[in-house]
Amino acid sequence: MPSPYSAARRFTVAFTFAPASDRLPLTELTIARPDDWHVHLRDGAALPHTCADVARCFARAIVMPNLNPPVVTVAHAAAYRERILTAMHRLSLRFEPLMTLYLTDATTAAEIQLAASADFVHAVKLYPAGATTNSSAGVARLERIFPALAAMEAADLPLLIHGEVTDQDIDIFDRERVFIDRHLAPMIQRFPRLRIVLEHITTREAVAFVRSAGERVAATITAHHLLLNRNDMLAGGIRPHYYCLPIVKRRAHQQALLEAATSGHPRFFLGTDSAPHRTGNKETRCGCAGVYTAHAAIELYAEVFEAAGALHRLEDFAARFGADFYRLPHANGRITLRRQRWQVAERLPLGDDFLTPLRAGETVAWQVVAAHA
Ligand code: NCD
Ligand code: ZN
């Protein structure tokens, strides 16, 4: 009699959920088309490459505004969106870019109202000045943006936060935790209805904060913060392609993120923070921050969820919870992932240069084999 354990098994999340006791390895997984709630597409010659990777599997993507110069007005966002759509049109790519504005000390309440009434702007991003790549125009003193935050609260336009303090005297591994204590906790008191996404969380303190903060505070979690801890980056040699901000933390924090992402809690959802940099700008004396994952994004999350025994929770995390928080309909379409190892290229094109993607020259366990609009 054939053993049921030898049979290849297909799995469609929409129709059936694997019972917790079911330990059969899945070979195929079909889920609703996911969205990426945090991505860096860059501009110009990079767009064909970054957009092609996002369009592989995502229906929509929240597009970060940290260009140089940054996207600070609705007019800038409209022009940037047109450049993205033009690049996509040339390659017949399809996903919906959801635009964001970059908050500065000079952002007016009137600009916020304009953003809230523009159907293509979905959020405003707060970068503390100097916190990360292209953040020098960010906010130096939070008090200065209180009028803009009040306007966002009134218009119900979500605030996205890079949650790290920038003080040189605060250890880089503590900067997220200190930001939460010093700035985020008072901010949610002062603006009790402002909806906030704490982006790319990296600590158990951030997980606990989001869990306790109530309905209006959510967080995105990247694939690389689920896959890596600081030993991966620093033990036995320094790996510049794992360097990003917020920096990957110790294993206990990674485990808190894993638990949050796979828990089924609706206020933790997918945001890759895929951030392309030329390889030459990372493999240098002072390498810049950012990990590129868009070439294998949903596949890397599938690995993580599978290892946690939670593949049946991937669809909510990747395709539902983010849209619910942003008050958008769930996307149409489905994607199918197959469990088949494939090798990531050593380098990928980025405009007229190249980047080194996560897993360069190594393998990924899942692969998207079909995507239907
Ligand atoms: C991002 C980038 O390169 O734009 N880098 C990063 O390390 N995550 C900026 C950001 O999201 O912090
Ligand atoms: Zn980012």
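So, how was this worked out
Residues numbered from 1 in each chain as written. Chains lettered and ligands numbered in written order. Predicted model: local features only at pLDDT ≥ 70, side-chain atom pairs only at ≥ 80, totals over all residues. Heavy atoms only, no water. Helix = DSSP H or I, 4+ residues; strand = E, 2+ residues; numbered from the N terminus. Rg over C-alpha atoms; globule rule 2.2 N^0.38 Å. Contact = heavy atoms within 4.5 Å. Areas by Shrake-Rupley, 256 points an atom, 1.4 Å probe, with all protein chains shown as cover. Donors = N, O, S within 2.8 Å, 3.2 Å for Na, K, Ca; no water. Tetrahedral: all angles 85-135°; square planar, octahedral: opposite > 155°, others 65-115°. Buried < 20%, exposed > 50% of the residue type's maximum accessible area, 1.4 Å probe, protein only. Salt bridge = Lys/Arg side-chain N within 4 Å of Asp/Glu carboxyl O. Near = heavy atom within 4 Å. Polar contact = N/O pair within 3.5 Å; in protein donor to acceptor, adjacent residues only side chain to side chain. Nonpolar A, V, L, I, M, F, W, Y, C, P; charged D, E, K, R; others polar. 1 Å grid on protein atoms, 1.4 Å probe; cavity = no way out; pocket = protein on both sides within 12 Å on 5 of 7 lines; lining within 4 Å. Points joined across faces, edges and corners; volume = space filled by probe spheres on them. Pairing = 2+ DSSP bridges. Right-handed = clockwise from strand over helix to strand, strands pointing away. Axes fitted to C-alpha atoms, helices over the stretch in contact; angles between N-to-C directions. Arc of directions from axis to C-beta.

## Quick notes on the overall build of the protein chain
Scanning the protein chain for helices and strands turns up twelve helices and 16 strands. Expected size for 373 residues packed as a compact globule is a radius of gyration near 21 Å; at 20 Å, the protein chain falls within 12% of this value. Once the C-alpha set of the protein chain is aligned to its principal axes, its extents read approximately 70 × 45 × 45 Å. Pairs at least 24 residues apart make up 71% of the contacts formed inside the protein chain by residues separated by at least 6 positions. Total accessible area computed for the protein chain in this model is approximately 15600 Å², and 51% of it derives from carbon and sulfur atoms.

## A word on the coordination of the zinc ion (ligand 2)
Those protein atoms acting as donors to the zinc ion (ligand 2) are His38 (NE2), His40 (NE2) and Asp273 (OD), and they sit at 2.0 Å. Note that the zinc ion (ligand 2) binds four donor atoms; their angles at the metal cover 90 to 142°, and the shape is irregular. Between the donor residues of the zinc ion (ligand 2), the gaps in sequence give the motif H-x1-H-x232-D. For the pair His38 and His40, a shared accessibility class is recorded, and that class is buried.

## Things to note about the side chain of His224
With respect to the element layout, His224 can be found in helix H7 (residues 223-227). Those residues in contact with His224 that sit more than four places away from it in its chain are Cys244, Thr272, Asp273, Val291 and Thr293.

## Some remarks on the pattern of salt bridges
Tallied over the entire structure, the rule returns 16 salt bridges. Connected through salt bridges with shared partners, the residues Asp156, Arg195 and Arg327 form a single ionic network.

## Details of the site of ligand 1
Taken together, 15 residues lie around ligand 1, and Asn66, Thr132, Leu245, Asp273 and His277 are the ones closest in. Here an oxygen atom of ligand 1 sits 3.1 Å away from a polar atom, N or O, in the side chain of His40. Contacts to ligand 1 include Gly290, whose backbone N or O atom sits 3.2 Å from an oxygen atom. When isolated, ligand 1 has an accessible area of 320 Å², and the protein chains bury 100% of it. Partitioned by chemical class, the residues of the shell around ligand 1 number four nonpolar, nine polar and two charged.

## What to know about the layout of surface pockets
The volume enclosed by the largest pocket comes to roughly 380 Å³. In this structure, the largest pocket is lined by 16 residues; those nearest its centre are Arg42, Asp43, Ala46, Pro276 and Arg278.

## Observations concerning the pairing of strand E6 (residues 121-126)
Here E6 lies mainly inside the structure; six of its six residues are buried. For E6 and strand E7 (residues 159-161), the ladder comprises three bridges, and the chain directions are parallel. Residue pairing across strands places Lys125 opposite Leu160, the latter belonging to E7. The β-α-β motif built from E6, the intervening helix H4 (residues 146-155) and the parallel element E7 has right-handed crossover chirality.

## Observations concerning the sheet that holds strand E4 (residues 60-63)
Across the sheet, which stays open at both edges, the eight strands sit in the order E3-E4-E5-E6-E7-E8-E9-E10 with parallel pairing between neighbours. The strands lining the two open edges of the sheet, one partner per strand, are strand E3 (36-39) and strand E10 (268-270). In this sheet, adjacent strand axes meet at a mean angle of 30° when their direction is disregarded. As defined by bridge partners, E3 adjoins E4 across two bridges and the pair is classed as parallel. Following the sheet pairing, Asp36 is matched in E4 by Ala61. Along the sheet face, helix H2 (residues 74-90) touches E4, strand E5 (96-102) and E6 and points at about 150° away from the line of E5.

## Comments concerning the packing of helix H6 (residues 204-213) against helix H9 (residues 251-261)
Between H6 and H9, the least distance of the axes is 8 Å, while the angle of their chain directions is 30°. On H9, the residues touching Arg204, Glu205, Val207 and Arg211 of H6 are Ala252, His253, Ala256, Leu257, Glu259 and Ala260. Along the lines of polarity and charge, the residues of the contact of H6 with H9 split into five nonpolar, one polar and four charged.

## Considerations on unusual backbone geometry
Here Asn68 and Pro69 are connected by a cis peptide whose omega angle stands at 0°. Cis geometry is adopted by the peptide bond preceding Pro246, which originates at Leu245 and carries an omega value of -10°. When you line up the elements, Pro246 lands in the loop between helix H8 (230-234) and H9. Look at Asp156: it is not a glycine, yet its phi comes out positive at around 55°. Take Asp156: it is sitting in the loop between H4 and E7.

## Quick word on helix H3 (residues 109-117)
Turning to H3, its buried residues are Glu111, Ile112 and Ala115. Down the axis of H3, the sector holding all buried residues measures 100°, keeping them to one side. Where H3 is buried, its residues meet H2, E5, E6 and H4.

## Side note on the environment of Asp324
Along the chain, Asp324 turns up in helix H12 (residues 314-326). Judged by its relative accessible area of 44%, Asp324 falls in the partly exposed class. Residues Asp324 and Pro192, 132 residues apart in the sequence, show an inter-C-alpha distance of 19 Å.

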